[in-house]
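Survey of secondary and tertiary structure
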Amino acid sequence: MVNLTNPILLIAVPLFFVFLAAVIAPFSKRATKYLPPVAFLINLIITLYLIPQVAEKGVIVATTAGIKPPFAINIAVDGLGLSLAIIASLLGLIASLYNLKYITEEPQDKFNMLFLLLGTGITWMVITGDMFNLFVAFEVTSISAFGLVGFLRDKDSIEAGFKYLVMGSIGASLLLIGVVMLYAATGTLNMADIAGKIARFTFRQKLLPYSFIFTGLGIEGALFPLNAWLPDAHPAAPSSVSSILSGIMTTAAIYAIIRATVTVFNYSAITPFILLIALLTLVFGETSAFFQKDIKRMLAYSTIGQTGFFFFAFSLGSVQGMQGAFMQILNHSLSKAMLFLIAGAMITQVHSRNIDDFSGIGKKMKISSVFFAIGAFSLMGLPPFFGFWSKLTIIFATLAYTNFYTITLVVILLFMSVIEGAYFFRVMQSMFFGKLKEGTEIKEASPGLVVPFVILGIIILALAIYPTPIIAVSKKIAVQLIHRAVYINAVLGGL
């Protein structure tokens, strides 16, 4: 009988379905579209089985060939990694259900294999305990994303895919250089083992490998000024792909930065630099989103802004800051994924990404428009939505620092939230109160497109009604992350 509490299955299962798709494809390419929902459903079930184990042990460690770390590659799943794996599996399931109706272009078999690989790479990134495996997972994620961004093979998608290919290759190269430097200095690739050996290093000795790792992952995480690929990639990709890229892929890269900074390097001295990068990312993303006319480009820039928001919370270095960061990650992942799926459904009816062409669409696509408003309200942080509690936690974490810059930081956060509200309200005003163009025949999208984002919307509403359990869990995750010895001892102390 299969042991569903073995986290290695989270990588093995979708990889098996990739090979299964390759076997099935010569007989029926379209049949492969049913494989991603099954694979992600199995992964979601596995992650739910892992919850009691992680709650009891703190960290679950799985090894290969029965050899204990640091002499073998290991998987290490703590609260933060498991939470992101749950989000990745859930969004993968929702997006793959959406694809059943949405993806009609050929070759569907290749699309489905790449989609499975994308989910595999993201999950792998958030549960690996090995630096070189982090690089491999990064490559799997990037290469599959390159193909998916360029899948539609029109001018925009090919250009965006090529730009992402170049930027992603640079990011992977920088990450690999940083990993090689760590191995040369410590003689190990295991994250926990590196953490113990690097403790005796000086600030300057750690700075160079950290800089390479941070920059490489920062490209994938869309941090300013390394995010030039994202505003083109998200609009050009199919909307289901955009929902994954925005909802969890960039977040997985930010997770890797957090894991490297806190667990591996214990690099608290670098937090002022991280705070500056986070603020620049936030300001750039939100102000750029305000000036967009393309709905998907607006959502893409909004992703950059949201990334800056939760990366800022992490840079505060406190339990409350990291709690707010995780809460914001969860809120952004669910809401932004839903908004991209809704945008895709609306584009199928309007045949345009221009926001002006969405005028009056709320009168015809009532379900889509209402759930778009729900996602937007949660992202903006309007009460009683979960985004209100995540942003409030971040603001309180900022106010805990009683120095000259505190008020300035809070003003920046609030002002960016106002800008975020301005561009979302502008879209909703056009949808609900704009005049539908004469001769335009628009109807609600098919149930195959509506049901997936409605499921996400129901989850968002449930969090708004009863946020207390997630708030409590997020605090436990933050405490565990800061107390890095829990992770290190779990990995090196045996199984």
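As the structure is a prediction and not an experimental result, all values here were calculated from the model. (Residues numbered from 1 in each chain as written. Predicted model: local features only at pLDDT ≥ 70, side-chain atom pairs only at ≥ 80, totals over all residues. Heavy atoms only, no water.)

**A look at the overall build of the protein**
- Assigned secondary structure in the protein consists of 19 helices and 2 strands.
- Here the protein has a C-alpha radius of gyration of 22 Å; the compact-globule value for 495 residues is 23 Å, and the two agree.
- Principal-axis analysis of the C-alpha atoms gives the protein an extent of 70 × 65 × 40 Å.
- Every one of the 495 residues in the protein was classed for burial, and the buried ones make up 61%.
- Here the analysis covers contacts within the protein between residues at least 6 apart in sequence; of these, 80% occur between residues at least 24 apart. (Helix = DSSP H or I, 4+ residues; strand = E, 2+ residues; numbered from the N terminus. Rg over C-alpha atoms; globule rule 2.2 N^0.38 Å. Buried < 20%, exposed > 50% of the residue type's maximum accessible area, 1.4 Å probe, protein only. Contact = heavy atoms within 4.5 Å.)

**Observations concerning the packing of helix 13 (residues 319–350) against helix 17 (residues 447–465)**
- The interhelical angle for the contact between helix 13 and helix 17, taken along N-to-C directions, is 150 degrees, at an axis separation of 9 Å. Taken together, the axes of helix 13 and helix 17 are roughly antiparallel relative to one another. For the element pair helix 13 and helix 17, the recorded crossing hand is left-handed. Of the residues in helix 17, those in contact with Leu 330, Leu 334, Ser 335, Ala 337, Met 338, Leu 341, Ile 342, Ala 345 and Thr 348 of helix 13 are Leu 449, Phe 453, Leu 456, Gly 457, Ile 459, Ile 460 and Leu 463. (Axes fitted to C-alpha atoms, helices over the stretch in contact; angles between N-to-C directions. Parallel < 35°, antiparallel > 145°, perpendicular 65-115°, else oblique. Left-handed = near helix turned anticlockwise from the far one by under 90°.)

**Looking at the packing of aromatic side chains**
- Following the criterion strictly, the structure yields 22 aromatic pairs and no others.
- For the ring pair Phe 111 and Phe 115, a centre distance of 5.8 Å and an interplane angle of 20 degrees mean the geometry is stacked. Of the two residues, Phe 111 and Phe 115 are both situated in helix 4 (residues 108–127); the distance of 4 residues between them amounts to about one turn of the helix.
- Classification of Phe 115 as buried rests on a relative accessible area of 2%.
- Among the aromatic residues, ring-to-ring pairing joins Tyr 210, Phe 214, Phe 265, Phe 273, Phe 311 and Phe 314 into one connected group.
- Above the plane of the ring of Phe 290 lies Arg 426, whose end atom (NZ or CZ) is 5.1 Å from the centre. (Phe/Tyr/Trp six-rings, centres within 6.5 Å; stacked < 30°, edge-to-face > 60°. Lys NZ or Arg CZ within 6 Å of the ring centre and 35° of its normal.)

**Topic: the pattern of salt bridges**
- If you walk through the whole model with that rule in mind, you get 6 salt bridges.
- Where Asp 232 meets Arg 297, a salt bridge forms, and the shortest distance between an N and an O atom there is 2.8 Å. With Asp 232 in helix 9 (residues 230–236) and Arg 297 in helix 12 (residues 295–315), this pair connects stretches of sequence that are 65 residues apart.
- On the basis of relative accessibility, which here comes to 18%, the residue Asp 232 falls in the buried class.
- A salt bridge links Arg 353 to Asp 294; its shortest N-O distance comes to 2.7 Å. Highlighted residues: Arg 353 in the loop between helix 13 and helix 14 (366–380) and Asp 294 in the loop between helix 11 (271–290) and helix 12, separated in sequence by 59 residues.
- The class for Arg 353 is partly exposed, based on a relative accessible area of 26%. (Salt bridge = Lys/Arg side-chain N within 4 Å of Asp/Glu carboxyl O.)

**Observations regarding a nonpolar patch on the surface**
- A contiguous nonpolar surface patch, about 350 Å² in accessible area, is contributed by Phe 162, Leu 165, Val 166 and Ile 170.
- Inspection of the secondary structure assignment puts Leu 165 in helix 6 (residues 155–186). (Patch = residues over 30% accessible without salt bridge, like charges linked within 9 Å, V, L, I, M, F, W, Y side chains within 5 Å. Areas by Shrake-Rupley, 256 points an atom, 1.4 Å probe, with all protein chains shown as cover.)

**Here's the deal with the side chain of Ser 242**
- Looking at where Ser 242 falls in the secondary structure, it is placed in helix 10 (residues 239–264).
- Within the structure, the side chain of Ser 242 is placed 2.6 Å from the backbone oxygen of His 234, a separation counted as a polar contact.
- What Ser 242 contacts, discounting residues up to four positions off in sequence, is His 234, Ala 237, Gly 247, Lys 296 and Phe 340. (Polar contact = N/O pair within 3.5 Å; in protein donor to acceptor, adjacent residues only side chain to side chain.)

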